[in-house]
Amino acid sequence: MLSFTLRRLASVVGVVLFLALAVFALGKVGNADPVRTYIGANASAEQVEQARAELGLDDPLLTQFWNFLTGAVQGDLGISLSTKHAIADDLSTRLPATLELAGWALGFAVILAVVLAAVAALGGKVAAVLRFVFFSAASAPAFLVAMLGVLVFYQAWGLLPASGRTSYGVYDDSTGFYVIDGLLHASPLYAADAIGHLILPAVAAGLAPGVALARVLSDGLGASMSSPFARTARAMGESETTILRRHGLRNASSPALSMLAVQAGLMVSSLVVVEQVFAWNGLGTYLANAIAAGDFNAIAAVSLILGVVYVVLNALVEVALAAVDPRVRLG
Amino acid sequence: MPLSRKGIQLAVAEAAGARTLVRKAPAADAGAGPAPSSPSPCRRGADGSARRSGPALGLGDRLALGAVGVVVVLAIVGPWLAPYVATVPSGEAFLPPLSDGHLLGTDAIGMDILSRVLVGMRSSLGAAVVVTLAAAAFGTVIGVLAGFRGGWLDSALMRVTDLFLAVPATIIAMVMAAALGQTLGSAIIGIAVVWWPLYARLVRGEVRRVVALPHVTAAQVSGVKGWRLLTRHVAPAVSPTVAVTASIDIGGVIMTLAALSFLGLGSPAPTPELGRMAADGMRYLLSSWWIPVMPSLAITVMAFVFNYAGDAWRTLLRGRGV
């Protein structure tokens, strides 16, 4: 187990280095001129010289990469070419916003997947209808789900807010997670309002992953519900729901867990899109602004953060799987 | 409980025949021919007859396969059917759907949405096909090299492939597209770069499986090797899997392209690109919902048709033992 964990750790370091190198190299071969983005097209030659020195562009490439790498490890992600602030400062309030949204979206995805898979495993005719539902939900881009949510729940019914994270101000000692803020300050109203703002974006970002997860779970359930141990349980007179709960779901959960990690990675692009629709001030909005401004420093920093989160998450899931299932760590 | 009683009957019927043992024995070489036994004696008649009379495709599957044809034809001839030029205003702005002469309405500067959607569908589908073909071709070359040659080349190539699989694909695609500039071409390159490793893994596994099959051994024994062994004996057994995977992937590629285009990583306006149209129309969502919703619906319809048909095709080929 220890050697498996160490091997995974080594591969995480390798993958993150590769990611950093790829992001850095792409920034160098790109056809946007970082200096012009930074100081504008009308700057004088001296200003250009000064900006080049400031951004460290006169150093050899290897030195630049080394600085990028060591800076990132110490939490210094460089200067944004468009906002002119340190990127780490820009991101300090935005990262919690995205993590909060991602957490709720994943939670919604898991609940949706379990419900859909359980219904599909129990019902006969329902399964055919569900297949249709699976495919339509998996084929709708996150921004369409988001738009329809806004049109129905905000414009037509006025039930849910359609933009931002809260209707109130932000606490001075905010943790960055508004629901937690509300609970910490014993203000259920604040927490409920934050949850209200979370519902539509979380559903829009979590729907597709939830459906994908449901398919894996339902395949696994199909296999375990027709396996010998389920047959034995049936012969002993246990009800289908008990078999599903006690034997089916537990055996189907391990491929579903790996799928969850994959989906968390895929969710990145829908999060970016959904944040834009709901004016959610997170990493996604920051990334989209950076793309529009040609700010490659910010693009690189955000990609690196999202990439590291994804790689670490995957490694954690694998280690967790290995801990419960010896086939994984020996295979 | 009616459910558990039915369960007991099933269990007793299956236990009586000890089917699991029978099923497991021939499964090892099931790839060579049709599996001789079905899971249960009660179901064998129904299953067997259904398979003999053709693939077990439901009405929905047939409809989906037909719908792919419709979408492909629409994407090819659509731009010629478009009532207006897609990149210049053709009427009053903000006309709702079903207006006179503008079936899907007009956008903020009066361009006809139907015409733009039709042109956008062609570029979406075309780009998705290019991405899938490029990824499948490159992945196949790598996979064949790794699986057929084996040895150090195999481990080296698979290390690289795993590295690409381990980094989040959408992020690399975004960074690629951002670095190469705002054109549809850079979005295509960005996605293709992250899509090939899946094919490399798949093809390598398939090649290694096929190389171990009796007909390849027989060919090797009679002196066939190298290029001829690969093209005559291994490739024909591998290609259906690649084709099926590619056809299933098109729906996913369409959606990934749409997401990149939504983020502004496709061609800039006024080029009609579905994702970009949706993104630019977002600000009119509450006043003129059709401007962002219509192009998004077009993406959904295309992705849905390809996802559903891909699954139907997979079921169909699996029934024939591919």
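Residues numbered from 1 in each chain as written. Chains lettered and ligands numbered in written order. Predicted model: local features only at pLDDT ≥ 70, side-chain atom pairs only at ≥ 80, totals over all residues. Heavy atoms only, no water.

### Looking at the overall build of chain B
Line of reasoning, step 1. In terms of regular secondary structure, chain B is built from 12 helices and zero strands.
Line of reasoning, step 2. Walking chain B from its N terminus toward its C terminus, one meets helices and strands in the order α-α-α-α-α-α-α-α-α-α-α-α.
Line of reasoning, step 3. Split by element, the accessible area of chain B, about 15400 Å² in all, is 67% carbon and sulfur. (Helix = DSSP H or I, 4+ residues; strand = E, 2+ residues; numbered from the N terminus. Areas by Shrake-Rupley, 256 points an atom, 1.4 Å probe, with all protein chains shown as cover.)

### A few points about the confidence of the model for chain A
Segments scoring low in pLDDT should not have their predicted coordinates read at a detailed level.
Line of reasoning, step 1. Overall, the prediction assigns chain A a mean pLDDT of 85, with 97% of residues at 70 or greater.
Line of reasoning, step 2. Within chain A, the element-level pLDDT minimum falls on helix α14 (residues 326–330) of chain A, averaging 68, and the maximum on helix α7 (residues 142–156) of chain A, averaging 92. (pLDDT = per-residue confidence, 0-100.)

### Focus on the side chain of A:Gln64
All names here are of chain A.
Line of reasoning, step 1. Among the secondary structure elements, Gln64 is positioned in helix α4 (residues 61–73).
Line of reasoning, step 2. A polar contact of 2.8 Å, which involves the side chain of Gln64, links it to the side chain of Lys28.
Line of reasoning, step 3. Each residue touching Gln64, except ones within four places of it in the same chain, is listed here: Phe24, Lys28, Gly56, Leu57 and Asp59. (Polar contact = N/O pair within 3.5 Å; in protein donor to acceptor, adjacent residues only side chain to side chain. Contact = heavy atoms within 4.5 Å.)

### Things to note about the interface of chain B and chain A
Line of reasoning, step 1. Chain B puts 51 residues into the contact, and the matching count from chain A is 47 residues.
Line of reasoning, step 2. Overall, the association of chain B and chain A removes approximately 4400 Å² of surface from exposure, summing both partners, and the carbon and sulfur fraction of that is 78%.
Line of reasoning, step 3. Contact with chain A buries area across many residues of chain B, yet B:Ile171, B:Leu263 and B:Leu286 alone supply 12% of it, more than any other trio.
Line of reasoning, step 4. Along the contact surface separating chain B from chain A lie zero salt bridges.
Line of reasoning, step 5. The tally of links between chain B and chain A comes to three residue pairs in polar contact (both at pLDDT 80 or more).
Line of reasoning, step 6. For the side of chain B that touches chain A, the secondary-structure elements that each account for two or more residues are α1 (2–17), α6 (151–166), α7 (169–180), α10 (226–262), α11 (274–281) and α12 (290–319) of chain B.
Line of reasoning, step 7. Its residues assigned to classes, the side of chain B that touches chain A comprises 38 nonpolar, nine polar and four charged. (Buried area = accessible area lost by both parts, 1.4 Å probe. Salt bridge = Lys/Arg side-chain N within 4 Å of Asp/Glu carboxyl O. Nonpolar A, V, L, I, M, F, W, Y, C, P; charged D, E, K, R; others polar.)

### Focus: helix α5 (residues 87–122) of chain A
Line of reasoning, step 1. Its 36 residues give α5(A) an end-to-end C-alpha distance of 51 Å, which sits within 8% of 52 Å, the value for a rise of 1.5 Å per residue.
Line of reasoning, step 2. Remark: the principal bend of α5(A), roughly 40 degrees, maps to A:Thr93, with a proline, A:Pro96, within the next four residues. (Expected span 1.5 Å × (residues − 1). Bend = angle between axes of the 7 residues up to and from the residue.)

### Brief notes about the packing of aromatic side chains
The geometry of an aromatic ring pair is captured by the separation of the ring centres together with the interplanar angle, meaning the angle of the planes.
Line of reasoning, step 1. A complete count under the given rule lists 13 aromatic pairs over all chains for this structure.
Line of reasoning, step 2. Summarising the aromatic geometry, the rings of A:Tyr171 and A:Tyr190 are spaced 4.8 Å apart at their centres and angled 55 degrees between planes, so their arrangement reads as tilted. A residue pair is termed long-range when its members are at least 10 positions apart, and A:Tyr171 in the loop between α7 and α8 (178–184) and A:Tyr190 in helix α9 (residues 188–225) qualify at 19 residues.
Line of reasoning, step 3. For A:Tyr171, a relative accessible area of 24% gives the class partly exposed.
Line of reasoning, step 4. With a relative accessible area of 4%, A:Tyr190 lands in the buried category.
Line of reasoning, step 5. By the ring-pair criterion, three or more aromatic residues cluster together here, those being A:Phe18, B:Phe138, B:Phe164 and B:Trp196. (Phe/Tyr/Trp six-rings, centres within 6.5 Å; stacked < 30°, edge-to-face > 60°. Buried < 20%, exposed > 50% of the residue type's maximum accessible area, 1.4 Å probe, protein only.)

### A closer look at the packing of helix α12 (residues 283–293) of chain A against helix α13 (residues 296–324) of chain A
Residues and elements named next belong to chain A.
Line of reasoning, step 1. Closest axis-to-axis distance for the α12/α13 pair is 9 Å, and the angle between their directions is 150 degrees. As α12 packs across α13, the resulting crossing turns out to be left-handed. Residues Leu283, Tyr286, Leu287, Ala290 and Ile291 of α12 form the contact with α13, whose own contacting residues are Ala298, Ile299, Val302, Ile305 and Leu306.
Line of reasoning, step 2. Tallied by class, the residues present in the contact of α12 with α13 amount to 10 nonpolar, no polar and no charged. (Axes fitted to C-alpha atoms, helices over the stretch in contact; angles between N-to-C directions. Left-handed = near helix turned anticlockwise from the far one by under 90°.)

### Comments concerning the side chain of A:His197
Residues and elements named next belong to chain A.
Line of reasoning, step 1. Locating His197 in the fold gives a position in helix α9.
Line of reasoning, step 2. Assessed through its relative accessible area of 5%, His197 is described here as buried.
Line of reasoning, step 3. Here Asp193 takes part through its backbone oxygen, which lies 2.9 Å from a polar atom of the side chain of His197.
Line of reasoning, step 4. Those residues in contact with His197 that sit more than four places away from it in its chain are Pro161, Ser163, Gly164, Arg165, Thr166, Ser167 and Trp280.

### What to know about the environment of B:Val141
Line of reasoning, step 1. In this fold, B:Val141 is placed in helix α5 (residues 113–149).
Line of reasoning, step 2. Separated by 62 residues in the primary sequence, B:Val141 and B:Val203 have C-alpha atoms spaced 8.6 Å apart.

### Comments concerning a nonpolar patch on the surface
Residues and elements named next belong to chain A.
Line of reasoning, step 1. Judged by side-chain polarity, Ile111, Val115, Val119 and Val126 come together as a nonpolar surface patch covering roughly 320 Å² of accessible area.
Line of reasoning, step 2. Top element by residues in the nonpolar patch is α5. It accounts for three residues.
Line of reasoning, step 3. On the secondary structure map, Ile111 appears in helix α5.
Line of reasoning, step 4. Classification of Ile111 by relative accessible area gives exposed; the value is 56%. (Patch = residues over 30% accessible without salt bridge, like charges linked within 9 Å, V, L, I, M, F, W, Y side chains within 5 Å.)

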